[in-house]
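Overview (structure and organization)
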Amino acid sequence: MKLNFKRSCNYLIPIALLLMAGGACSENEPYSEKVIFMAGYKAQANLPFVSAYVAQEKGFFQEQGLNVEIRHASSGEHIKLLMSGDVDFTTSAATSVLKYRSDPGLPIVSFALFGQRSQQAFAALSKSGMNTPKDWKGKTFGYKVFPPPEYLAILKANEINRSEITEIQVGFDPRILTEGKIDILAVFNSNEPDTIRKLGFDVDIWTEADFGIPGMGLTYVATQELVNNDPGKVTRFLKATMKGLLYASENKEDALDIVMKYAPDQDRSHQLFMLETELEDAISESTTKNGLGWMTDKQWKASYEQLLEFGALAKDFDYREAYTNKFIETIYSASAHEAPTLKWP
């Protein structure tokens, strides 16, 4: 059969034009990379969660070319999902990262530190008359899962013999303190003190920082593989969330509105307490000098040595494997005479 080239071209040219137009549209569309972030607990005003919520709602992720899906852990599954590759980024306490690195040797890496002080605190009812940890002698101490290293560090700093205190595992309901079943309770500083006060009880709080003991709080973590193989994704996620953190610190009520969108069933005043407490704990001399999210080798070394001293690590290892500053160092502009500013976009 003889091909009618002229007639064929009449059909082919419109098709070619459509294909070219489609290609041009794709080239003009902003690039968006899929990312999954899983908060390590239910939706609430923990600062690493808030930073991601704000980055999502204010379009900061989008401006960094990221299409982020925010999920929440329900039963501690976030680290397992991180290791399986089902999640790109999640949250973890710095001490937990050190423990995971020690046993079972999980290759996870912290790349931003929110809590410049530990979230672990110790509460007693004000009416108990206890003024210092030395008054804990002869009392009953309740811990959630195991006696926190911070508790043991406070005992050491105050020269208290552990045998002088009765220690019992009590779980996660703070009413065990208000019902008088124990005298001192291990609490999360940005959460349970406010919960106990809302039950109608005044409480006194002690933290390891009160005794000059260094500590760290929540961090962002990724796998070593992602840190090594896709540094651009880590950097863009970090920039967007640090912008979210900066926004939340300057616009608390708006940030709280965003939190309530993710946690509509939570008490707003309690979420504000959590947000304000964690914002205060996010500030330190090093973050003022270098930028929010900063962490130092001194902090990690001190926490590592504390965990080793009190038997909280299964085996020793190079603690420097547990964190990296290589991303946080690139996202701020700073000089000797000016406060650090986030590079954007």
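Residues numbered from 1 in each chain as written. Predicted model: local features only at pLDDT ≥ 70, side-chain atom pairs only at ≥ 80, totals over all residues. Heavy atoms only, no water.

**A word on the packing of aromatic side chains**
- Per the counting criterion, the structure on display carries 23 aromatic pairs.
- When the ring of phenylalanine 37 is compared with that of tyrosine 220, the centres are 5.6 Å apart and the planes differ by 80°; the resulting orientation is edge-to-face. Here phenylalanine 37 is found in strand 1 (residues 33–39), whereas its partner tyrosine 220 is found in strand 10 (residues 218–223), with 183 residues between them in sequence. No difference in accessibility class separates phenylalanine 37 from tyrosine 220, as the two residues are buried.
- On the basis of an interplanar angle of 80° and a centroid distance of 6.4 Å, the ring pair of phenylalanine 111 and phenylalanine 327 is categorised as edge-to-face. Here phenylalanine 111 is found in strand 4 (residues 108–113), whereas its partner phenylalanine 327 is found in the loop between helix 14 (297–309) and strand 11 (332–335), with 216 residues between them in sequence. A single burial state applies to phenylalanine 111 and to phenylalanine 327, both of which are buried.
- What links up through ring pairs into an aromatic cluster is the set Phe37, Phe61, Phe89, Phe111, Phe114, Tyr220, Phe237 and Phe327. (Phe/Tyr/Trp six-rings, centres within 6.5 Å; stacked < 30°, edge-to-face > 60°. Helix = DSSP H or I, 4+ residues; strand = E, 2+ residues; numbered from the N terminus. Buried < 20%, exposed > 50% of the residue type's maximum accessible area, 1.4 Å probe, protein only.)

**Digging into a nonpolar patch on the surface**
- Residues Val145, Phe146, Phe172 and Phe188 make up a contiguous nonpolar surface patch of about 410 Å² in total accessible area.
- Position of phenylalanine 172 among the secondary structure elements: in the loop between strand 7 (166–169) and helix 7 (175–178). (Patch = residues over 30% accessible without salt bridge, like charges linked within 9 Å, V, L, I, M, F, W, Y side chains within 5 Å. Areas by Shrake-Rupley, 256 points an atom, 1.4 Å probe, with all protein chains shown as cover. Salt bridge = Lys/Arg side-chain N within 4 Å of Asp/Glu carboxyl O.)

**Things to note about the nonpolar core**
- Core analysis: the biggest nonpolar cluster contains 48 residues, and Phe37, Phe89, Phe111, Tyr220, Phe237 and Met242 have the highest contact counts within it.
- Formed by 23 residues, the second largest nonpolar core is a distinct cluster that contains Ala73, Val97, Met216 and Val221. (Core = buried A, V, L, I, M, F, W, Y, C linked by side-chain atoms within 4.5 Å.)

**Points about the pairing of strand 7**
- When strand 6 (residues 140–143) meets strand 7, the two strands line up parallel, connected through four bridges. If you follow tyrosine 143 over to strand 7, its bridge partner there is glutamine 169. (Pairing = 2+ DSSP bridges.)

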